[in-house]
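Working through the structure, step by step
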Amino acid sequence: MTLSLSDRHGCVLQSEIRNMSIECARTGGINLSQGVCDTPVPASVLQGARDALTTGINTYTHYAGLPELRRAIALKQNRFSGMNPDPQKEIIVSAGATGALYCAFQALLNPGDEVIVFEPFYGYHISTLQAAEAVPVYLSLKAPDWSFSEHDLESLVTPRTRGIIVNTPANPSGKVFSLAELELVAAFAERHDLFVFTDEIYEHFLYGGLRHHSFASLPGMQSRTITVSGVSKTFSVTGWRIGYVIADAKWAQAIGYFNDLIYVCAPAPLQAGVAKGLLELGDEYYRMLSIEYQAKRDRFCEALSLAGLYPFIPDGAYYVLADVSRLPGTTSKERAMHILRTTGVAAVPGSAFFQNYAGEDVVRFCFAKEDSVLKEACQRLKKLR
Ligand SMILES: Cc1ncc(COP(=O)(O)O)c(C=O)c1O
């Protein structure tokens, strides 16, 4: 017998994002490739976790999460989107939004099921679908405003279509779906009886006064929507691995069982810290988050323009796609390497977010950095002029 890797191992090849981070570390550059925010963690979140560690909240929690965290998530969801999820039956705390989505796909998709994904896409969505042996079907958004039509959606439907992923605000485009676009998706999902998997991890990173709309709060959408979000970005705790699913009880239980199987539970004391933060941080915290990140966005996009790299200004999240077609190279990887060699700033090649070799004219920068780091990166980009 010859030992070999599984047939499915190909869906989790080393991501371009990780590759660039490794190359950046090797050369001592500024890493604007990975979506790791290094801004401060709110004091109440840290204090909550510290208290939990020292008061013995260190054993397994219920697979769906600490009851107080589920209650805090329900209150937060009600406060920001008017939803009323039942914390006992409709919320599953998982290992980040990544774990939440993995469990949801495992619980709800069969091999061969097709799921519509907007392109440019977040690579984990694709790999996570493929790990469930589901098939991503791509809808290319039209730059520069990343628009799409009802016809685009309808043209992709087959008898195997089972769901659609809506990531708003989106990584990497920064697209924030308008209410009209969400309503269009809602009518489409209803017509074809589809699951709508949302990824709302950037729900508090919105610019220009835009408002986040949780898809499940649209009329009639609660029962078919699998809402995924988490606090990695909002509280700058990407390493804590706390995210969640909100879904109708008829789906949530099976999703929870997969969570139990794969992770058992999310880290107990960190769940407690997040619960404290969700309960104690007022509207001002979330308002300031948008204001601070909008200032970062504006500063960084201006530097890109000055460097001759046209930025597709994002309305949300904390990434920006920039046109690098004037730089030497024929692929986005060569152009990203040129930027790293010339300036010491790492970006992700655009091909990581598109299928079929598209995206070669763009790279993605992450601007979730301390102001001093961002300032230095802006300075360095001038070398590309
Ligand atoms: C769209 C999107 N979803 C999910 C995640 C990961 O979230 P978590 O840390 O909660 O797993 C990221 C991180 O970059 C992301 O960009």
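Everything quoted here is computed from the prediction, not taken from an experiment. (Residues numbered from 1 in each chain as written. Predicted model: local features only at pLDDT ≥ 70, side-chain atom pairs only at ≥ 80, totals over all residues. Heavy atoms only, no water.)

1. So, the sheet that holds strand β3 (residues 114–119)
To keep things clear, this is the line we draw: Paired strands, as defined in this entry, are two strands with at least two bridges between them according to DSSP. Secondary structure is summarised from DSSP: a helix means a run of H or I of at least four residues, a strand means a run of E of at least two, and numbering begins at the N terminus for each. Each axis is a line fitted through C-alpha atoms, and for a helix only the stretch in contact is used; angles between axes span 0 to 180 degrees, taken between their N-to-C directions. Contacts are assigned to residue pairs with any non-hydrogen atoms lying within 4.5 Å of each other.
Spatially, seven strands are ordered β2-β8-β7-β6-β5-β3-β4 in an open sheet, and the strand pairing comes out mixed. With partners counted over all chains shown, the strands left at the sheet margins are β2 (91–94) and β4 (135–140), one partner each. Within this sheet the neighbouring strands show an average axis-to-axis angle of 25°, counted without direction. Direction of pairing for β3 relative to strand β5 (residues 161–167): parallel, over a ladder of four bridges. Paired with E114 across the bridge in β5 is T161. Here helix α3 (residues 67–81) sits on the sheet in contact with β2, β7 (225–230) and β8 (243–246), set at roughly 115° to β2. This element, helix α5 (residues 123–131), spans β3, β4, β5 and β6 (195–199) of the sheet and lies at about 150° to β4.

2. As for the side chain of E200
Operational definition: For every residue, the accessible area obtained with a 1.4 Å probe (protein chains only) is divided by the maximum for its type, and the residue is called buried under 20%, exposed over 50%, and partly exposed between those limits. Positive: Lys, Arg. Negative: Asp, Glu. His and the chain ends are not part of the count. Each salt bridge in this description consists of a side-chain nitrogen of Lys or Arg and a carboxyl oxygen of Asp or Glu lying within 4 Å of one another.
Here E200 is to be found in the loop between β6 and β7. Although E200 is buried, it makes no salt bridge; K76 carries the closest opposite charge, 7.3 Å away. Once you skip the residues sitting within four places of it in the chain, E200 turns out to touch T168, H212, S214, F215, T227, V228 and S229.

3. Brief notes about helix α9 (residues 268–280)
Every α-helix winds through 3.6 residues per turn, so residues three or four apart in the chain are directed the same way. Keep this limit in mind: Expected span, for any helix, means 1.5 Å times one less than how many residues it has.
Taking 1.5 Å of rise per residue, the 13 residues of α9 would be expected to cover 18 Å, and the 19 Å separating its terminal C-alpha atoms lies within 8% of that figure. Most of α9 sits out of view: 10 of its 13 residues are buried. Inspection of α9 places A268, P269, L270, Q271, A272, G273, V274, A275, G277 and L278 among the buried residues, and these make up the whole buried set. Of the surrounding elements, those touching the buried residues of α9 are α2 (43–54), α3, β2 and α10 (283–306).

4. A word on the layout of surface pockets
Applicable threshold: Cavities and pockets were defined on a 1 Å grid built from protein atoms only: a cavity is a group of points that admits a 1.4 Å probe but offers it no way out, a pocket is an open group of points flanked by protein on both sides within 12 Å along at least five of seven lines, and a lining residue is one with an atom within 4 Å of any such point. Grid points are joined across faces, edges and corners, and a volume is the space filled by probe spheres set on the points. Residue type decides the class: Asp, Glu, Lys and Arg count as charged, Ala, Val, Leu, Ile, Met, Phe, Trp, Tyr, Cys and Pro as nonpolar, and the leftover types, Gly among them, as polar.
Space inside the largest pocket adds up to approximately 750 Å³. Taken together, 26 residues make up the lining of the largest pocket; nearest its centre are C11, L13, S15, G123 and S127. Broken down by secondary-structure element, the contributors of at least two residues to the lining of the largest pocket are α1 (16–27), α4 (96–108) and α5. If you tally residues by element for the lining of the largest pocket, the top one is α5, at seven residues. Classifying every residue of the lining of the largest pocket gives 14 nonpolar, 10 polar and two charged.

5. Considering α3
Here α3 is 15 residues long and its end C-alpha atoms lie 21 Å apart, about the 21 Å a rise of 1.5 Å per residue gives. Summarising the contacts, the buried residues of α3 are in contact with β2, β7, β8 and α9. Just past α3, the residue G82 takes up positive phi, approximately 75°.

6. Here we look at the pairing of β6
Keep this limit in mind: For a crossover, the right-handed case is the one in which the path from the first strand over the helix to the second runs clockwise, viewed with the strands pointing away from the viewer.
Counting buried residues along β6, five of its five residues qualify, which places the element largely inside the surrounding structure. Neither face of β6 is left uncovered, since the one carrying F195, F197 and D199 and the one carrying V196 and T198 both have all their residues buried. A crossover links β5 with its parallel partner β6, the connecting element being helix α7 (residues 179–192), and its sense is right-handed. Where β6 lies against β7, four bridges are found, and the strand directions are parallel. What sits directly across from F197, in β7, is I226.

7. A few points about the nonpolar core
As a reminder of what qualifies: Note on terminology: a nonpolar core comprises buried Ala, Val, Leu, Ile, Met, Phe, Trp, Tyr and Cys residues joined through side-chain atoms within 4.5 Å. Start and end positions for the domains come from either an automated domain assignment or a database one.
If you look at the biggest cluster of nonpolar residues, it comprises 96 residues, and the most contacted ones within it are I226, F235, F300, L309, Y318 and F365. The dominant element in this core, judged by the number of residues it contributes, is α10, at eight residues. Both domains that furnish three or more residues to this core are identified here as domain 1 (7–36 + 284–384) and domain 2 (43–280). One finds F177, L194, F312 and V348 within the second-largest nonpolar core, a separate group that totals 29 residues.

8. A word on the UniProt feature "domain: Aminotransferase class I/classII large" (unreviewed entry) in the protein
The test is simple: UniProt positions are given in the numbering used here, feature names are shortened, and annotations may be inferred rather than shown by experiment.
Within this numbering scheme, the UniProt entry marks residues 29–381 as carrying the feature "domain: Aminotransferase class I/classII large" (unreviewed entry). Between the end C-alpha atoms of residues 29–381 there is a gap of 12 Å, over a span that is 41% helix and 16% strand.

9. Considering the pattern of salt bridges
Between side chains of opposite charge, a pair can form when the charged atoms approach closely. Evaluation of the coordinates by the stated rule reveals 17 salt bridges. With a closest N to O distance of 3.1 Å, K142 and D152 form a salt bridge. Of this pair, K142 sits in the loop between β4 and α6 (150–154) while D152 sits in helix α6, and the two are 10 residues apart along the sequence. Given the relative accessible area of 46%, K142 is considered partly exposed. The salt bridge partner of R191 is E150, with a shortest N-O separation of 3.5 Å. Pair noted here: R191 is in helix α7 and E150 is in helix α6, with a separation of 41 residues, a long-range link. On the basis of relative accessible area, R191 is assigned to the partly exposed category, the value being 44%. Under the relative-accessibility criterion, E150 is labelled partly exposed at 42%.

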